[in-house]
Amino acid sequence: MASWSGRDREQLLEELKAGFLRLKGSVSPIRDGQPHLVPFCETLENVLRVGLKQPGSILRVTRRDYWDWIEVLPTNSVCSTKKNPLLTEAVETVKRSDVLRTPQGRGRCFLRMALMQKLVPIPVEHLLKNPKLLAYWYQKSSIIRHEELAGQLVNILFEVTELDFDLTERASFLDETWIIPEYVNVQLEPCERLGLKLAHMRDRVLVDAVLKGSVAERSQIEAGDIVDELNGVRLFGLKVGQVWIHQ
């Protein structure tokens, strides 16, 4: 369990504020690839993880993450569907995703959506309105359970709503990283063989080599590219031998 001193928590909020100011000084709307976006999101994620309680049972393999409390907010009386339809819809949209596999990925997807819809302070506000729920999810050492620091956090998040974000809805890499790669949709001409040599790394299918004169080369596919989908089939977790079946 990580131990956070008062100064550590203050520094994290200072980093969050500085990250906001850097985004504020950038071109609007803020899009993927903006150099200050990922550091800001990483800092916000760290803030939400400080003091997050983990279950004591050794039977629970999966660690809790901030998404775990965000997804139950719409079922709480303080944050009902009627009171917060946009928040509820954002949560339900993330829950319906068939490309996200982990609480980390879902939490990141929600935060990106919340940035675009100017909802990012709302979950924290509602958690603060429910002391029992707050104490269930967070330790006293957390930023969110510290009255002064929580107030600073909410103020920063409301300032963030002044910014405009235009982020891609592609989410298949958020389980692994905040960095969203450049996506290219390739229309392949009918053929017997694509001319690709594939490799497998960390459950991802990569292009290891492209045969000269092949359909793949003419489609400007290059070695090092990650093949996320092929013929509408997601390739994450498939072995290289299984990929050829879907060609």
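Here, every reference points to the structure presented above.
Caption draft 1: Structural context of the packing of helix α1 (residues 6-24) against helix α8 (residues 147-160). Interhelical geometry of α1 versus α8 gives an angle of 10° and a closest axis separation of 10 Å. The orientation of α1 relative to α8 falls into the category roughly parallel. Counted together, Arg 9, Glu 10, Leu 13, Leu 16, Lys 17 and Phe 20 of α1 and Leu 149, Gln 152, Leu 153, Ile 156, Glu 159 and Val 160 of α8 form the full contact between these two elements. Considered class by class, the residues forming the contact of α1 with α8 number seven nonpolar, one polar and four charged.

Caption draft 2: Main features of unusual backbone geometry. Look at the link from Ser 28 to Pro 29: it is a cis peptide, with omega at -5°. Mapped onto the elements, Pro 29 comes out in the loop between α1 and β1 (30-31). Its identity is not glycine, yet Lys 118 carries a phi of approximately 60°, on the positive side. Structurally, Lys 118 can be placed in the loop between α5 (103-117) and α6 (122-128).

Caption draft 3: Geometry of the nonpolar core. One finds Leu 48, Trp 69, Phe 110, Tyr 138, Leu 153 and Phe 165 to be the most contacted residues of the largest nonpolar core, which totals 55 residues. Sorting the residues of this core by element identifies α1, α2 (37-49), α3 (66-70), α4 (85-96), α5, α6, α7 (131-137) and α8 as the ones contributing at least two each. Those residues in contact with Leu 48, other than ones at most four positions away along the chain, are Tyr 66, Trp 69, Leu 111, Val 124, Tyr 138 and Ile 144.

Caption draft 4: Representation of the side chain of Asp 68 within the structure. Note that Asp 68 resides in helix α3. In terms of polar contacts, Asp 68 uses its side chain to reach the backbone amide nitrogen of Asp 65, at 2.7 Å.

Caption draft 5: Region of interest: the pattern of salt bridges. Tallied over the entire structure, the rule returns 13 salt bridges. Here Glu 45 makes a salt bridge to Arg 49, at a shortest N to O gap of 3.4 Å. Linking Glu 45 with Arg 49, this pair stays in helix α2, spanning four residues, or about one helical turn. With relative accessibility at 3%, the residue Glu 45 sits in the buried group. Classification of Arg 49 by relative accessible area gives partly exposed; the value is 29%. For Arg 101, the salt bridge identified is with Glu 176, shortest N-O distance 3.9 Å. One end of the pair, Arg 101, is in the loop between α4 and α5; the other, Glu 176, is in the loop between β2 (165-166) and β3 (196-201), with 75 residues separating them in the sequence. Overall, the relative accessible area of 37% leaves Arg 101 in the partly exposed class. For Glu 176, a relative accessible area of 37% puts it in the partly exposed group. Residues joined in a network through salt bridges with shared partners are Glu 45, Arg 49, Asp 65 and Arg 108.

Caption draft 6: Geometry of α8. For α8, which comprises 14 residues, the first-to-last C-alpha distance of 20 Å matches the rise-based estimate of 20 Å (1.5 Å per residue) to within 8%. If you follow the buried residues of α8, they end up packed against α1, α2, α5, α6 and β2.

Caption draft 7: Fine view of α4. Across its twelve residues, α4 extends 16 Å between first and last C-alpha, which sits within 8% of the 16 Å expected from 1.5 Å per residue. If you check which residues of α4 are buried, you get Leu 87, Thr 88, Ala 90, Val 91 and Val 94. End-on, the buried residues of α4 take up no more than an arc of 160°, which puts them together on one face. Facing away from the buried side of α4, by more than 90 degrees, are the exposed residues Leu 86 and Arg 96. The secondary structure elements touched by the buried residues of α4 are α3, α5 and α6.

Caption draft 8: Structural context of the packing of aromatic side chains. Per the stated rule, a full pass over the model turns up three aromatic pairs. When the centroid spacing of 6.2 Å and the interplanar angle of 70° are considered together, the rings of Trp 69 and Tyr 138 count as edge-to-face. Of this pair, Trp 69 sits in helix α3 while Tyr 138 is found in the loop between α7 and α8, placing the two residues 69 residues apart along the sequence. Here Trp 69 and Tyr 138 have matching classes, each one buried. Plain terms: the ring middles of Tyr 136 and Trp 137 are 5.2 Å apart, the flat faces sit at 85° to each other, and that makes the pair edge-to-face. Classification of Tyr 136 as partly exposed rests on a relative accessible area of 47%.

Rules used throughout
- Residues numbered from 1 in each chain as written.
- Predicted model: local features only at pLDDT ≥ 70, side-chain atom pairs only at ≥ 80, totals over all residues.
- Heavy atoms only, no water.
- Axes fitted to C-alpha atoms, helices over the stretch in contact; angles between N-to-C directions.
- Helix = DSSP H or I, 4+ residues; strand = E, 2+ residues; numbered from the N terminus.
- Parallel < 35°, antiparallel > 145°, perpendicular 65-115°, else oblique.
- Contact = heavy atoms within 4.5 Å.
- Nonpolar A, V, L, I, M, F, W, Y, C, P; charged D, E, K, R; others polar.
- Core = buried A, V, L, I, M, F, W, Y, C linked by side-chain atoms within 4.5 Å.
- Buried < 20%, exposed > 50% of the residue type's maximum accessible area, 1.4 Å probe, protein only.
- Polar contact = N/O pair within 3.5 Å; in protein donor to acceptor, adjacent residues only side chain to side chain.
- Salt bridge = Lys/Arg side-chain N within 4 Å of Asp/Glu carboxyl O.
- Expected span 1.5 Å × (residues − 1).
- Arc of directions from axis to C-beta.
- Phe/Tyr/Trp six-rings, centres within 6.5 Å; stacked < 30°, edge-to-face > 60°.

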